[in-house]
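Fold and contact review
Listed here are the chains, written in short residue letters.
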Amino acid sequence: MTAGLLILYTRKGCCLCEGLEQRLKSISLKSLEVPLTLKVIDIDSGLLSEDLRRNFDLRVPVMALFLKEQNRVIELPRVSPRIKERELFKWIQKTI
């Protein structure tokens with residue numbers, strides 16, 4: 001697998017979303033075995049379809065991996081938004 005895109009679906013004002021976003025930005029996603037770039041999407045921004053927004057409405061934060069070569073997005077298992085940076089790095093490495 002080549003470099004990928006890690007998408008974090010969030011909502012402004014959500015403390016769990018903001019905490020997970022901060023942790024993701026503090027770890028080196030580029031140093032994973034499969035280097036990742038983080039893209040943060042506010043589900044209320046109008047960038048998502050109404051169906052996706054409704055799907056994520058009560059579940060944010062949600063992480064997903066965009067697989068360019070397959071042109072699809074895979075939702076990742078839920079992780080505690082309070083996970084520490086070191087454990088988050090290990091979790092992402094194991095999950096992808």
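The text that follows walks through the structure, step by step, so that each part is easy to find. (Residues numbered from 1 in each chain as written. Predicted model: local features only at pLDDT ≥ 70, side-chain atom pairs only at ≥ 80, totals over all residues. Heavy atoms only, no water.)

Now for the environment of L38. By secondary structure assignment, the location of L38 is in strand 2 (residues 36-42). When its relative accessible area of 22% is taken as the criterion, L38 is described as partly exposed. Considered as a pair, L38 and R72 are 34 residues apart in the sequence and their alpha carbons are 16 Å apart. Those residues in contact with L38 that lie beyond four places of it in its chain are L5, L6, L8, L24, K25 and L29. (Helix = DSSP H or I, 4+ residues; strand = E, 2+ residues; numbered from the N terminus. Buried < 20%, exposed > 50% of the residue type's maximum accessible area, 1.4 Å probe, protein only. Contact = heavy atoms within 4.5 Å.)

Our next topic: the sheet that holds strand 3 (residues 62-67). Pairing between the strands of a sheet comes from backbone hydrogen bonds, and it takes one of two forms, parallel or antiparallel. Pairing within the open sheet is mixed, and its four strands lie in the order 2-1-3-4. Whereas interior strands pair on both sides, the edge strands pair on one side only; in this sheet they are strand 2 and strand 4 (72-75). Averaged over all pairs of adjacent strands, the angle between strand axes in this sheet comes to 30°, irrespective of strand direction. (Pairing = 2+ DSSP bridges. Axes fitted to C-alpha atoms, helices over the stretch in contact; angles between N-to-C directions.)

Listed in full, the buried residues belonging to helix 3 (residues 85-95) are L88, W91 and I92. Viewed along the axis of helix 3, the buried residues span an arc of 95°, placing them on a single side of the element. Of the exposed residues in helix 3, those oriented more than 90 degrees away from the buried face are R86 and K94. (Arc of directions from axis to C-beta.)

Attention now goes to the nonpolar core. Note on soluble globular proteins: their nonpolar side chains tend to be buried together. Formed by 17 residues in total, the largest nonpolar core has its most connected members in L6, L24, M63, L88, W91 and I92. Elements that contribute at least two residues to this core include exactly strand 1 (4-10), helix 1 (15-26), strand 3 and helix 3. With near-sequence residues (within four places) excluded, I92 lies in contact with L6, L24, I27, L29, L32 and L36. (Core = buried A, V, L, I, M, F, W, Y, C linked by side-chain atoms within 4.5 Å.)

Turning next to the state of the cysteines. A full pass over the atoms with the stated rule returns zero disulfides. This cysteine, C15, is not joined by any disulfide, and C14 carries the nearest cysteine sulfur, 5.8 Å off. (Disulfide = S-S within 2.5 Å.)

This next bit is on helix 1. Working note: α-helix, 3.6 residues per turn, so residues spaced by three or four point in the same direction. Between its first and last C-alpha, helix 1 extends 17 Å over 12 residues, near the 16 Å set by a 1.5 Å rise per residue. For helix 1, the full list of buried residues reads C17, G19, L20, R23 and L24. Taken around the axis of helix 1, the buried residues stretch over an arc of 165°, which confines them to a single face. Seen from the buried face of helix 1, the exposed residues on the opposite side, beyond 90 degrees, are C15, Q22 and K25. Buried residues in helix 1 make contact with strand 1, strand 2, strand 3 and helix 3. (Expected span 1.5 Å × (residues − 1).)

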